[in-house]
Amino acid sequence: MKEESKSYLVIGLGRFGTALCNRLVDLGQRVVGVDKVRAHVEELADRLDLAAQLDATDEEALVKVGAKDADVAVVAIGEGVEASVLATAILRDLGIPLVVARAIDPLHAKVLERVGAHRVFSPEQDMGVRMAEQLAHPWLAHFTALQQTDFLVGEMAPLEEMTGKTLQDLHFTHRYKAMILLVERGGTRFLPRADTVILPTDRLWVAGRQEDLAQWLDGTDSEGK
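Because the structure is predicted, anything quoted here is derived from the model rather than measured.

K.L.:
Can you break down the sheet that holds strand 10 (residues 188-190) residue by residue, with the values?
P.N.:
On the basis of which strands lie adjacent, the open sheet formed by 5 strands has the order 7-8-11-9-10 and antiparallel pairing. Every interior strand has two partners, whereas the edge strands, strand 7 (143-145) and strand 10, have only one. Each strand axis lies, on average, 20° off the axis of its neighbour in the sheet, ignoring direction. Pairing geometry for strand 9 (residues 178-185) and strand 11 (residues 203-209), over 6 bridges, is antiparallel. Counted as the bridge partner of Glu184 is Arg203 from strand 11. Of the strands in this sheet, strand 7, strand 8 (151-156), strand 9 and strand 11 are in contact with helix 9 (residues 210-217), which crosses strand 11 at around 130°.

Next comes the structure, spelled out in structure tokens:
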């Protein structure tokens, strides 16, 4: 079944906020975007369900653009710590189920948490950490972390030692401390069985803890080879 779209309110339409809005729209979500700068609002006016120029610390203005109806609110303000904190507090008071806020430094993050943000993120810091990990472990570029866990899911080419053998032969789960979720072969994906033979041209969709995956994937290139 197709997942029902949600309603998002994005506050702050700078580069990050704009990228966020555009991607949410591409994913079929309903998006309202607001910013104090008219040029930012006009840039997205034709893309969003509603784009409005307003002060995000004005509770009445937020209510008028439908803030109370949002399933998720993202405070993406890049500058102006006070405005970010006040907007976050207002959104929590409005009863929005999920309020996510952008922090520019650890102190800002702590204040956002204190005023009730459900989730706080730091794009620059997060990207720096992610880039460092990918440089040190190239295979990570093809894996995605599952939220609030240390599990990763991603795709890779089979190691040479895996080819020509079945999952049962390899004792895959025990040996690699991971699971093969899907096998992609000739443009088709299927669920593997114990007697599935791994071919050199296969792509494997694997899930496991990062520390376990690193023990046998470190040293492979970005394609998992």
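Picking up after the structure, the text goes on.
K.L.:
Can you break down the packing of aromatic side chains residue by residue, with the values?
P.N.:
What the rule picks out here adds up to 4 aromatic pairs. Their ring planes at 35° and their centres at 5.3 Å tell us that Phe16 and Phe121 sit as a pair that is tilted. Of this pair, Phe16 sits in helix 1 (residues 15-26) while Phe121 sits in strand 6 (residues 119-121), placing them 105 residues apart in sequence. Residue Phe16 is classed as partly exposed on the basis of its relative accessible area of 28%. Taken together through their ring pairs, the aromatic side chains of Phe172, Tyr176 and Trp216 make up a single cluster.

K.L.:
Any details on the side chain of Asp35? Residues and values, ideally.
P.N.:
Mapped onto the elements, Asp35 comes out in strand 2 (residues 30-35). An unpaired buried charge is present at Asp35: no salt bridge exists, and Lys36, the closest side chain of opposite charge, is 7.4 Å distant. Not counting the four nearest positions on each side in its chain, Asp35 is found in contact with Gly12, Leu13, Gly14, His40, Val41, Ala52, Gln53 and Leu54.

K.L.:
Break down the nonpolar core for me, citing the residues and quoting the values.
P.N.:
Leu9, Ile11, Val34, Leu54, Leu62 and Leu91 are the most contacted members of the largest nonpolar core, which has 27 residues in total. Every element with two or more residues in this core is listed here: strand 1 (7-11), strand 2, helix 3 (59-64), strand 4 (72-75), helix 4 (81-93), strand 5 (98-102) and helix 5 (106-114). Ranked by the residues each element gives to this core, the list is headed by helix 4, at 4 residues. Leaving out residues up to four positions away in the same chain, Leu62 has contacts with Ile11, Leu54, Ala56, Ala67, Ile90 and Leu91. Leu170, Ile180, Val183 and Trp216 belong to the second-largest nonpolar core, a separate cluster that totals 21 residues.

K.L.:
Describe the pairing of strand 8, naming the residues involved and giving the relevant values.
P.N.:
The side-chain alternation of strand 8 yields one buried face, formed by Leu152, Gly154 and Met156, and one unburied face, formed by Phe151, Val153 and Glu155. One ladder, built from 3 bridges, connects strand 7 with strand 8; its direction is antiparallel. By the bridge assignment, Ala145 is partnered in strand 8 with Leu152. Between strand 7 and strand 8, which pair antiparallel one after the other, the connecting turn spans 5 residues, and Gln148 there sits at a positive phi close to 60°. Pairing of strand 8 with strand 11 involves 6 bridges; the strand directions are antiparallel. Its bridge partner lying in strand 11, Gly154 is registered against Val206.

K.L.:
So what about unusual backbone geometry? Which residues, and what values?
P.N.:
Trans is the common state for peptide bonds, and a negative phi is the common state for residues other than glycine. One non-glycine residue with positive phi stands out, namely His171, at about 50°. On the basis of relative accessible area, His171 is assigned to the exposed category, the value being 55%. In the Ramachandran plot, Lys177 falls in the positive-phi region, its phi being about 50° despite a non-glycine side chain. The topology assignment puts Lys177 in the loop between helix 8 (172-176) and strand 9.

Definitions and limits used
- Residues numbered from 1 in each chain as written.
- Predicted model: local features only at pLDDT ≥ 70, side-chain atom pairs only at ≥ 80, totals over all residues.
- Heavy atoms only, no water.
- Pairing = 2+ DSSP bridges.
- Helix = DSSP H or I, 4+ residues; strand = E, 2+ residues; numbered from the N terminus.
- Axes fitted to C-alpha atoms, helices over the stretch in contact; angles between N-to-C directions.
- Contact = heavy atoms within 4.5 Å.
- Phe/Tyr/Trp six-rings, centres within 6.5 Å; stacked < 30°, edge-to-face > 60°.
- Buried < 20%, exposed > 50% of the residue type's maximum accessible area, 1.4 Å probe, protein only.
- Lys, Arg positive; Asp, Glu negative; His and termini not counted.
- Salt bridge = Lys/Arg side-chain N within 4 Å of Asp/Glu carboxyl O.
- Core = buried A, V, L, I, M, F, W, Y, C linked by side-chain atoms within 4.5 Å.

None of the figures reported here should be taken as evidence of function without further support.
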